[in-house]
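Topology and contacts: notes
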Amino acid sequence: MTTIFEELVQKERAAEQAHTRVEELRGMYGSPTQRGGWSARQAETYNTALRAWRDLAREAQVAMVEYARARGEPRSDVEEQVRKAVWRVETGGAGT
């Protein structure tokens, strides 16, 4: 399957958004080891968000590796290009 660069950017953005959700839940729920811990629903919500983040991040990484390999570029260069593109999109096109 051929992945175009814009798809890589979309995959990375989705992974970053999922990570942001995990961080938000950590902030809302506090530590799972705190007195009283989390409710069953909080634990389920957090674990679902965590799995989603991990799955999306893995999917983005695999796509970047395949893209880099197909183009004969170092994976790290592709990752950097994608992250810069994500940053540009998230900041409304500011910077280069």
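Throughout what follows, the structure given in this document is the object of discussion. (Residues numbered from 1 in each chain as written. Predicted model: local features only at pLDDT ≥ 70, side-chain atom pairs only at ≥ 80, totals over all residues. Heavy atoms only, no water.)

A separate point is the packing of aromatic side chains. By the definition in use, this model includes three aromatic pairs. Look at phenylalanine 5 and tyrosine 67: their rings are 6.2 Å apart centre to centre, the planes differ by 55 degrees, and that puts the pair in the tilted class. Of this pair, phenylalanine 5 sits in helix H1 (residues 5-29) while tyrosine 67 is found in helix H2 (residues 40-71), placing the two residues 62 residues apart along the sequence. Each ring, one from tyrosine 29 and one from tryptophan 38, has its centre 5.6 Å from the other, and the planes form 70 degrees; the classification is edge-to-face. (Phe/Tyr/Trp six-rings, centres within 6.5 Å; stacked < 30°, edge-to-face > 60°. Helix = DSSP H or I, 4+ residues; strand = E, 2+ residues; numbered from the N terminus.)

With that settled, the discussion passes to the pattern of salt bridges. A full pass over the atoms with the stated rule returns nine salt bridges. Here lysine 11 ties to glutamate 59 by a salt bridge, and the two come within 2.7 Å at their closest N and O atoms. Residue lysine 11 is found in helix H1, and its partner glutamate 59 is found in helix H2; the two are separated by 48 residues along the sequence. Glutamate 73 is the partner of arginine 71 in a salt bridge, and the nearest nitrogen-oxygen pair spans 3.0 Å. (Salt bridge = Lys/Arg side-chain N within 4 Å of Asp/Glu carboxyl O.)

Read these as geometric descriptors, not functional statements.
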